[in-house]
Amino acid sequence: MSYTITLHDAPSDITERGRREAEERFRRSLEKAMQGPEAVVQAYCAWQLVEETAETELSGEDIALAKKWIVAATRAMSDGFRDLGESEAYFEVRIER
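First, a word on scope: everything that follows refers to the structure included in this document. Only a predicted model underlies this, so the values are computations on that prediction, with no experimental measurement involved.

### Side note on the pattern of salt bridges
For side chains bearing opposite charge, pairing can occur when the charged atoms are close. Counted according to the given criterion, the structure contains 7 salt bridges. As a salt-bridge pair, arginine 27 and glutamate 24 come within 3.7 Å of each other at their nearest N and O atoms. Pair noted here: arginine 27 and glutamate 24 are both in helix H1 (residues 16-34), with a separation of 3 residues, about one helical turn. Relative accessible area serves as the criterion here: at 23%, arginine 27 is assigned to the partly exposed category. Glutamate 24 gets classed as partly exposed once you look at its relative accessible area, which sits at 33%. Salt-bridge contacts for aspartate 83 lead to arginine 82; the nearest nitrogen and oxygen are separated by 3.8 Å. Overlapping salt bridges bring together Glu24, Arg27 and Arg28 as one network.

### Digging into the pairing of strand E1 (residues 2-8)
Across the two faces of E1 the burial differs, with Tyr3, Ile5 and Leu7 buried and Ser2, Thr4, Thr6 and His8 not buried at all. As paired strands, E1 and strand E2 (residues 90-96) are joined by 7 bridges and run antiparallel to one another. Within E2, the residue paired with threonine 6 across the bridge is glutamate 92.

### Notes on the environment of arginine 25
Looking at the secondary structure, you find arginine 25 in helix H1. Residue arginine 25 is classed as buried on the basis of its relative accessible area, which comes to 8%. Arginine 25 sits 51 residues away from alanine 76 along the chain, and the two C-alpha atoms are 7.3 Å apart.

### Section: the nonpolar core
Counting residues in each nonpolar core, the largest one holds 25 residues, and the members touching the most others are Tyr3, Ile5, Leu7, Phe26, Leu30, Trp69 and Val93. Among the elements that take part in this core, helix H2 (residues 37-52) stands out by supplying 6 residues, more than any other. Those residues in contact with valine 93, other than ones at most four positions away along the chain, are Tyr3, Thr4, Ile5, Phe26, Tyr44 and Trp69.

Each value, and the rule that gives it
- Residues numbered from 1 in each chain as written.
- Predicted model: local features only at pLDDT ≥ 70, side-chain atom pairs only at ≥ 80, totals over all residues.
- Heavy atoms only, no water.
- Salt bridge = Lys/Arg side-chain N within 4 Å of Asp/Glu carboxyl O.
- Helix = DSSP H or I, 4+ residues; strand = E, 2+ residues; numbered from the N terminus.
- Buried < 20%, exposed > 50% of the residue type's maximum accessible area, 1.4 Å probe, protein only.
- Pairing = 2+ DSSP bridges.
- Core = buried A, V, L, I, M, F, W, Y, C linked by side-chain atoms within 4.5 Å.
- Contact = heavy atoms within 4.5 Å.

Listed below in structure tokens is the structure:
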């Protein structure tokens with residue numbers, strides 16, 4: 001599986017190049033923290049599972065991966081938003097199945 005990153009609700013004055021660069025900073029940061037694109041997909045899927053499932057039904061591995069996702073995504077958001085200034089923007093991660 002692969003994934004895409006899309007920046008939504010970016011500042012109105014952002015250029016297309018600025019948007020692509022922000023998305024790429026977000027992607028690079030995630031992949032560096034998770035050690036590759038496959039691990040990004042695994043951790044994101046685990047985080048989604050944790051969000052939708054009772055804790056008693058989860059494995060320790062799922063919980064650990066979800067926690068790792070939260071740390072990596074928080075850092076990636078900081079890296080991605082670096083040059084955007086104040087905004088309501090957010091990054092969407094979409095898994096390509």
